[in-house]
Each structure stands twice: as structure tokens, then as C-alpha cells.
Amino acid sequence: MKSIHAGIVLAALCNLSACDKIPSEVSSTVASSQAAKPDPDAFLTRLYAHYRGKPADTSFSPTGAQAPLWFDREMVGLMAEDTRLANGEVGALDGDPICDCQDFGTLSANIKIEQATATTAKASVTVTETDATYSPEARQPRTFTYDLVMQDGDWRIHDIGTKNMPSLHDWLARSNTVASSR
């Protein structure tokens, strides 16, 4: 309710003073109310913002050192085990599960929150490569399903699914089991 109230106050202030800038006292109130209640849409928007730059953000590594910022502890553990079991080689997870690719140009993401509670959320994200230098096949929209969980005060990815891989979590768990039995 505070976010709605702050938004109404902000709109009224801008309307009355013909402002083109959010007053600092209002923007800090809006920011603090948003920070107090993380939004799964905002989390996914922040995630996909890394894929929109020109050139794309090559420093971004959602499955590497930055994995705890994006994935829950269980998924981070599965990815770490995949890396350990690979013994210095490329593990089973050999691409970026956020874009289902190894390389990307500039992606657009259409995010739809399907269901959300205070601690879990389900979302679908349709991702399209918008860089015309990529093949028409690579520029076809791909749909991802996300299972998000609240952890450490923000949303984290518990699982990602695609048409070809309904559950990254389950696939990594099986792959790790097979690799550890060798």
C-alpha cells in the first residue's frame, strides 16, 4: 500500500510542479518501500538486463562466481559439484541456462509472473535474440519457466525449464550422480 501511496504522491508532485525529475525525498521513500518487498518481476528484469547491452555484458557469469546472486544455495551446490566432477574440463553445464546459449548478442525478455507468494514464484520468460547478425534460427523466441524462491532477502532461481529441458535442477542432479559413479 505504501508503494501505491508513494506513487500517487509522486504523480501529484510531478503534475503540480511540472517536474521532469523525481524529488529525492519521494524517490528514497519509493526505493525503500520497493527494497523492503522484493518483486520477482524486478529480480528477473535485473537478471536479463545483463543481456541487453551493446556489446552484451561479457563480464556477467551467472553460473560462475556470481551464481549466488542469482541461484539458490541448492542450485549453486549442484553447479559447483558439476564443475568439481569435471576435473578441470567443461562440465555437463556447458552453456548459459539463462539464455540457453553459449554466445549472445542482445536479448529482449518478456517476463510474466504466473504465480507468487511471499516465498515462491513461478514465471515464464520469452527471450528473443534481437541482434540481426545472428541466424534466423538463433533469433527465434525461446520460452523459459522459472521457479523462484525467497532467500537472503531477495529472489533466487531454484529451477529453470525449457521445452527441451523441463528441469535444469533435475538434469544437473542426475548428471552429477552419473559423473560421480565413474
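In case you missed it, the structure is sitting above this.
This write-up is about the structure you can find in this document. (Residues numbered from 1 in each chain as written. Predicted model: local features only at pLDDT ≥ 70, side-chain atom pairs only at ≥ 80, totals over all residues. Heavy atoms only, no water.)

Check the secondary structure of the chain and you find six helices and four strands. Its helices and strands in sequence order give the chain the pattern α-α-α-α-α-β-β-β-β-α, from N to C terminus. In the chain, 54% of the contacts between residues at least 6 apart in sequence involve partners at least 24 apart. (Helix = DSSP H or I, 4+ residues; strand = E, 2+ residues; numbered from the N terminus. Contact = heavy atoms within 4.5 Å.)

Once that is clear, we can look at the pairing of strand β1 (residues 107-116). Of the strand pairs in this sheet, β1 and strand β2 (residues 120-129) are connected by nine bridges, and their pairing is antiparallel. Paired with Lys112 across the strands is Ser124, a residue of β2. Hairpin connection, β1 to β2: the antiparallel pair is bridged by three residues. (Pairing = 2+ DSSP bridges.)

Right, let's talk about the packing of aromatic side chains for a bit. Taken as a whole, this structure holds five aromatic pairs when the rule is applied. Here Tyr48 and Tyr51 contribute two aromatic rings whose centre-to-centre distance is 5.7 Å and whose plane-to-plane angle is 45°, an arrangement assigned as tilted. Since its relative accessible area comes to 0%, Tyr51 is described here as buried. In textbook terms, an aromatic cluster arises when at least three aromatic residues are bridged by ring pairs, as seen for Phe43, Tyr48, Tyr51, Phe60, Trp70 and Tyr146. (Phe/Tyr/Trp six-rings, centres within 6.5 Å; stacked < 30°, edge-to-face > 60°. Buried < 20%, exposed > 50% of the residue type's maximum accessible area, 1.4 Å probe, protein only.)

The terminal C-alpha atoms of helix α6 (residues 168-180), which comprises 13 residues, lie 18 Å apart, in line with the 18 Å expected from a rise of 1.5 Å per residue. Against the buried residues of α6 lie α5 (73-85) and β4 (154-161). (Expected span 1.5 Å × (residues − 1).)

Attention now goes to the pattern of salt bridges. Counted by the stated rule, this structure contains five salt bridges. Note that Arg84 and Glu81 form a salt bridge whose closest N and O atoms lie 2.8 Å from each other. In this pair, Arg84 and Glu81 are both assigned in helix α5, three residues apart and thus about one turn of the helix distant. In this structure Glu81 comes out as partly exposed when scored by relative accessible area, which is 26%. A salt bridge links Asp154 to Arg156; its shortest N-O distance comes to 3.9 Å. What emerges from the salt-bridge pattern is a single network uniting Arg46, Asp154 and Arg156. (Salt bridge = Lys/Arg side-chain N within 4 Å of Asp/Glu carboxyl O.)

A few words on the side chain of Arg156. Turning to its location among the elements, Arg156 is positioned in strand β4. With relative accessibility at 9%, the residue Arg156 sits in the buried group. If we ignore the near neighbours within four places in the chain, the residues touching Arg156 are Phe43, Pro68, Leu69, Trp70, Phe71, Asp72, Asp147, Leu148, Val149 and Gln151.

Spatially, the four strands line up as an open sheet ordered β1-β2-β3-β4, and their pairing is antiparallel. Every other strand in the sheet has two partners, leaving β1 and β4 as the edge strands with one partner each. The mean angle between the axes of side-by-side strands here comes to 30°, regardless of whether they run parallel or antiparallel. Along the sheet, helix α3 (residues 40-49) makes contact with β1, β2, β3 (142-151) and β4, crossing β1 at roughly 160°. (Axes fitted to C-alpha atoms, helices over the stretch in contact; angles between N-to-C directions.)

What follows concerns the packing of α5 against α6. Relative orientation of the contacting elements α5 and α6 amounts to 35°, with a least axis distance of 10 Å. α6 is crossed by α5, and the crossing has left-handed handedness. For the pair α5 and α6, the contacting residues are Glu74, Met75, Leu78, Met79, Glu81, Asp82 and Leu85 in the first and Leu168, His169, Leu172, Ala173, Ser175, Asn176, Ala179 and Ser180 in the second. Tallied by class, residues from the contact of α5 with α6 come to eight nonpolar, four polar and three charged. (Left-handed = near helix turned anticlockwise from the far one by under 90°. Nonpolar A, V, L, I, M, F, W, Y, C, P; charged D, E, K, R; others polar.)

Counting 31 residues, the largest nonpolar core has Leu44, Leu47, Tyr48, Phe71, Ile98, Tyr146 and Ile157 as its most contacted members. Leave out the neighbours within four places in its chain, and Leu44 touches Ile111, Ile113, Ala123, Val125, Tyr146 and Leu148. (Core = buried A, V, L, I, M, F, W, Y, C linked by side-chain atoms within 4.5 Å.)

Further remarks concern the environment of Met150. Take Met150: it is sitting in strand β3. When its relative accessible area of 26% is taken as the criterion, Met150 is described as partly exposed. Sequence spacing of Met150 and Ala118 is 32 residues, and the spatial spacing of their C-alpha atoms is 7.5 Å. Those residues in contact with Met150 that sit more than four places away from it in its chain are Pro38, Ala118, Thr119 and Trp155.

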